[in-house]
Amino acid sequence: MKFSGKNVLITGASRGIGAQIARTLAQMGLKVWINYRSKPEIADALADEINKNGGVAAVIKFDVTDEDEFIKGINLIVDSDGELSYLVNNAGITNDKLALRMKTDEFTSILDANLTSTFIGCREALKVMSKKRFGAVVNVASIVGEMGNAGQVNYSASKGGMIAMSKSFAKEGASRNVRFNCVTPGFIQTDMTAVLSDEVKQNYINNIPLKRLGEPREIAETVAFLLSDHASYITGDVLKINGGLYM
């Protein structure tokens, strides 16, 4: 794929889908900044893997829920590379519970971790990218932000809000040639799904028209497309990556 920019920040990139996004974008020639909050050994190992395979990777530690840390992180990247071309807001957490049993702070904490952090990233990226009048942001939302899911009212609200917010950022960023899009993964083969029993996995698969779980590679390649020059006329869009489970 063709990229006019040279670097990308991926939040929550040390493992799972974020790590695969980092690998894929590095293979395509971008310098990848691997953000992590804890366990530096995992992030360092990923960076070493990418660098040994001919890519360029750097590790950056900050908590996406801490506004000052997030801003300092972006400023560090700009000071190092002279720009921030692309951002992937991938970091996120869950805290599943039926709504009747969910406390207000259990709801708002997920909003802060998933939605507010994405707002901070989008806002700061827009500031930086506007100076060069170029850039692209992809926000990793979720199928449950579109269709909802029992036991996940907090997570659904955070991801649904991310979708709506991305459309508003797309309208504000368009005049500055900064694009904002979302991807909404369905059930993907990650650490989160690995702990599920075979029976539970099969129940999910039975409802998926393509009859399988998705691969992190399939998310990463879609993110890469949306960042690339090949998607230069796409902004404010939501690409579903769910095997047809929600159309």
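Residues numbered from 1 in each chain as written. Predicted model: local features only at pLDDT ≥ 70, side-chain atom pairs only at ≥ 80, totals over all residues. Heavy atoms only, no water.

Asker: Account for the sheet that holds strand 6 (residues 178-185), with residues named and values stated.
Answerer: In spatial order, the strands read 3-2-1-4-5-6-7; together these seven strands make up an open sheet with parallel pairing. Looking at strand neighbours, the two that pair on one side only are strand 3 (56-61) and strand 7 (238-241), the edges of this open sheet. Taking the axes of each pair of neighbouring strands and ignoring which way they run, one obtains an average angle of 20 degrees across the sheet. Of the pairings in the sheet, the one linking strand 4 (residues 86-89) to strand 5 (residues 135-140) comprises four bridges and is parallel in character. Residue pairing in the sheet places N89 in a bridge with N139 of strand 5. (Pairing = 2+ DSSP bridges. Helix = DSSP H or I, 4+ residues; strand = E, 2+ residues; numbered from the N terminus. Axes fitted to C-alpha atoms, helices over the stretch in contact; angles between N-to-C directions.)

Asker: Break down the side chain of E124 for me, citing the residues and quoting the values.
Answerer: By the secondary structure assignment, E124 is in helix 4 (residues 104-132). What E124 contacts, discounting residues up to four positions off in sequence, is I71 and I74. (Contact = heavy atoms within 4.5 Å.)

Asker: A description of the packing of aromatic side chains should follow, citing residues and the corresponding values.
Answerer: In total, this model carries six aromatic pairs according to the counting rule given. Taking the centre distance of 6.2 Å and the plane angle of 45 degrees together, the rings of F119 and F169 count as tilted. Taken together, the positions of F119 in helix 4 and F169 in helix 6 (residues 153-173) put the pair 50 residues apart, joining distant regions of the chain. For the pair F187 and Y204, a centre-to-centre distance of 4.0 Å together with 25 degrees between the ring planes defines the contact as stacked. With F187 in the loop between strand 6 and helix 7 (191-194) and Y204 in helix 8 (residues 198-206), this pair connects stretches of sequence that are 17 residues apart. (Phe/Tyr/Trp six-rings, centres within 6.5 Å; stacked < 30°, edge-to-face > 60°.)

Asker: I'd love a proper account of the UniProt feature "binding site: NADP(+)" (unreviewed entry) in the protein chain, names of residues and values included.
Answerer: The feature "binding site: NADP(+)" (unreviewed entry), as given by UniProt, occupies G12, A13, S14, R15, N90, Y155, S156, A157, S158, K159 and I188 in the numbering adopted here. Look at the named residues: they lie 177 residues apart in sequence, and the longest C-alpha span between them is 24.9 Å, so in the fold they stay spread out. Of the annotated positions mentioned, G12, A13, S14, R15, N90, Y155, K159 and I188 line the largest pocket. Residue position: A13 is located in the loop between strand 1 (7-10) and helix 1 (16-27). Given a relative accessible area of 0%, A13 falls into the buried group. Setting aside chain neighbours within four positions, we find A13 in contact with G18, A19, I34, N35 and L46. Within the element layout of this structure, K159 appears in helix 6. Note on K159: relative accessible area 3%, which makes it buried. (UniProt positions renumbered as here; feature names shortened; annotations may be inferred. 1 Å grid on protein atoms, 1.4 Å probe; cavity = no way out; pocket = protein on both sides within 12 Å on 5 of 7 lines; lining within 4 Å. Buried < 20%, exposed > 50% of the residue type's maximum accessible area, 1.4 Å probe, protein only.)

Asker: Explain the pattern of salt bridges to me, and be specific about the residues and the numbers.
Answerer: One pass over the structure, following the stated rule, counts 12 salt bridges. We note a salt bridge from E124 to K127, for which the minimum N-O separation is 3.1 Å. A residue pair is termed a helical-turn pair when its members lie 3 or 4 positions apart in one helix, as E124 and K127 do in helix 4 at three residues. Judged by its relative accessible area of 47%, K127 falls in the partly exposed class. (Salt bridge = Lys/Arg side-chain N within 4 Å of Asp/Glu carboxyl O.)

Asker: Which residues make up the layout of surface pockets, and what values do they have?
Answerer: Here the largest pocket defines a volume of roughly 1,400 Å³. G92, I93, T94, Y155 and M192 are, among the 45 residues lining the largest pocket, the residues nearest its centre. Counting only elements with at least two residues in the lining of the largest pocket, the list comes to helix 1, strand 2 (31-36), helix 4, helix 6 and helix 7. By volume, the second largest pocket amounts to about 230 Å³. Lining the second largest pocket are 17 residues; nearest its centre among them are V78, L84, V128, M129 and K131. If you list the elements that add at least two residues to the lining of the second largest pocket, you get helix 3 (67-81) and helix 4. Sorting elements by how many residues they give to the lining of the second largest pocket places helix 4 first, with six residues. When grouped by side-chain class, the residues that make up the lining of the second largest pocket number seven nonpolar, five polar and five charged. (Points joined across faces, edges and corners; volume = space filled by probe spheres on them. Nonpolar A, V, L, I, M, F, W, Y, C, P; charged D, E, K, R; others polar.)

Asker: Report on the UniProt feature "active site" (unreviewed entry) in the protein chain, specifying residues and quantitative values.
Answerer: Sites flagged by UniProt as "active site" (unreviewed entry) map to Y155. Mapped onto the fold, Y155 is located in helix 6. Other than its neighbours up to four places away in sequence, Y155 contacts I93, T94, I110, N114, S142 and V144.

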